[in-house]
Amino acid sequence: MESRRSYDPAGTRQALVDAAFDEIMRVGYRGTSLNRIISAAEVTKGALYHHFRGGKRALSYAVLDERIRPDLEVRWFAPLKEAADPVDALQAVLRAVVAEDGASLAYSGSPVNNLAQEMSTADEGFRERMEVVYTAWREAIGEALRQGQAEGTVRENVQTDEVAVVVVALMDGAAGQTKLTRDPAVLRTCIEGLGHYLEALRPRRGFRG
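Procedures and definitions
Residues numbered from 1 in each chain as written. Predicted model: local features only at pLDDT ≥ 70, side-chain atom pairs only at ≥ 80, totals over all residues. Heavy atoms only, no water. Axes fitted to C-alpha atoms, helices over the stretch in contact; angles between N-to-C directions. Helix = DSSP H or I, 4+ residues; strand = E, 2+ residues; numbered from the N terminus. Parallel < 35°, antiparallel > 145°, perpendicular 65-115°, else oblique. Left-handed = near helix turned anticlockwise from the far one by under 90°. Contact = heavy atoms within 4.5 Å. Nonpolar A, V, L, I, M, F, W, Y, C, P; charged D, E, K, R; others polar. Salt bridge = Lys/Arg side-chain N within 4 Å of Asp/Glu carboxyl O. Buried < 20%, exposed > 50% of the residue type's maximum accessible area, 1.4 Å probe, protein only. Phe/Tyr/Trp six-rings, centres within 6.5 Å; stacked < 30°, edge-to-face > 60°. Lys NZ or Arg CZ within 6 Å of the ring centre and 35° of its normal.

**What about the packing of helix H7 (residues 124–151) against helix H8 (residues 160–181)?**
Contact geometry for H7 and H8: axes closest at 8 Å, N-to-C directions at 130°. Considered as vectors, H7 and H8 are oriented oblique to each other. Every pair of crossing elements has a handedness; the one defined by H7 and H8 is right-handed. Across the interface between the two elements, Tyr134, Trp137, Arg138, Ile141, Gly142, Leu145, Arg146 and Gln149 from H7 touch Thr160, Asp161, Val163, Ala164, Val165, Val167, Val168, Met171 and Asp172 from H8. Its residues assigned to classes, the contact of H7 with H8 comprises 10 nonpolar, 3 polar and 4 charged.

What follows is the structure, given as structure tokens:
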């Protein structure tokens, strides 16, 4: 199978990252097997170490940087950017999470939450990368809320950075509880509660503040 990828180094690298992502989601970082990743990617061990000289750790860092972070950018950051009504934008993101991710969260959990729980105290490289991801997530929400304040769709007295911390923490907790219970209904309940919280950020009619 390797011969098919011999003249496609970018494709080989992507196949390894994708296979590693699936493996980590299935069994966690500690349970990850390079042999299974190589088999799933249909490459040789030499190809793996050519692209990721640090082996399992380097490949897993690439999963975080190239699969998990970009997914957050598509699912969360992009819809919030330049949103005149961030509450509406956040509600739409939450509905998409329920519709698209309920079953997968109940089975395998959230990639961000899984790695944060497993690796933040075990590997400083993971912790640093996870901190970057979570900081960017909070900043995207906070900036959207400040834009909403400027547009008059979010109350002026809302502490935007504090709300961003709460939203990310609730999403993390929802993912963890959904995985623990194996019940997508838990996710729906958490998202519904978060949705009510977000609605309270809107200005009251006839009142600014």
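**Comments concerning the pattern of salt bridges**
One pass over the structure, following the stated rule, counts 16 salt bridges. Here Arg36 ties to Glu23 by a salt bridge, and the two come within 2.6 Å at their closest N and O atoms. Here Arg36 is found in helix H2 (residues 34–41), whereas its partner Glu23 is found in helix H1 (residues 9–31), with 13 residues between them in sequence. Overall, Glu23 belongs to the buried group, its relative accessible area being 6%. With a shortest N-O distance of 3.2 Å, Glu131 and Arg127 are connected by a salt bridge. A residue pair is termed a helical-turn pair when its members lie 3 or 4 positions apart in one helix, as Glu131 and Arg127 do in helix H7 at 4 residues. Take Glu131: its relative accessible area is 42%, and that puts it in the partly exposed class. Salt bridges sharing partners connect three or more residues here, namely Asp85, Asp88, Glu199 and Arg202.

**A word on the packing of helix H4 (residues 55–80) against H7**
At a closest axis distance of 10 Å, the pairing of H4 and H7 adopts a crossing angle of 5°. In terms of orientation, H4 lies roughly parallel with respect to H7. On H7, the residues touching Ser60, Tyr61, Leu64, Asp65, Arg69, Leu72, Trp76, Phe77 and Leu80 of H4 are Gly125, Phe126, Arg129, Met130, Val132, Val133, Ala136, Trp137, Ala140, Ile141 and Ala144. Here the contact of H4 with H7 is composed, by residue class, of 15 nonpolar, 2 polar and 3 charged.

**So, unusual backbone geometry**
Backbone geometry places Glu42, a non-glycine residue, at a positive phi of 60°. Mapped onto the elements of the fold, Glu42 is located in the loop between H2 and helix H3 (45–51). With relative accessibility at 28%, the residue Glu42 sits in the partly exposed group. At Arg182, a position not held by glycine, the phi torsion is positive, near 60°. Mapped onto the elements of the fold, Arg182 is located in the loop between H8 and helix H9 (184–199).

**Remarks on the environment of Gly173**
Relative to the elements of secondary structure, Gly173 occurs in helix H8. Taking relative accessible area as the criterion, Gly173 reaches 35% and is therefore assigned partly exposed. In this structure the C-alpha to C-alpha distance between Gly173 and Phe77, which are 96 residues apart in sequence, comes to 20 Å.

**A look at the packing of aromatic side chains**
A full pass over the atoms with the stated rule returns 4 aromatic pairs. Plain terms: the ring middles of Tyr29 and Phe126 are 5.2 Å apart, the flat faces sit at 70° to each other, and that makes the pair edge-to-face. Placement of the pair is Tyr29 in helix H1 and Phe126 in helix H7, with a sequence separation of 97 residues. Of the two residues, Tyr29 and Phe126, neither departs from the other in class, the shared state being buried. An aromatic cluster is built from Tyr29, Tyr61 and Phe126, whose rings are joined through pairwise contacts. The positively charged end of Lys56 is found above the aromatic ring belonging to Tyr29, 4.7 Å away from the centroid. The ring centre of Tyr61 lies 3.9 Å from the NZ or CZ of Arg129, which sits over that ring.

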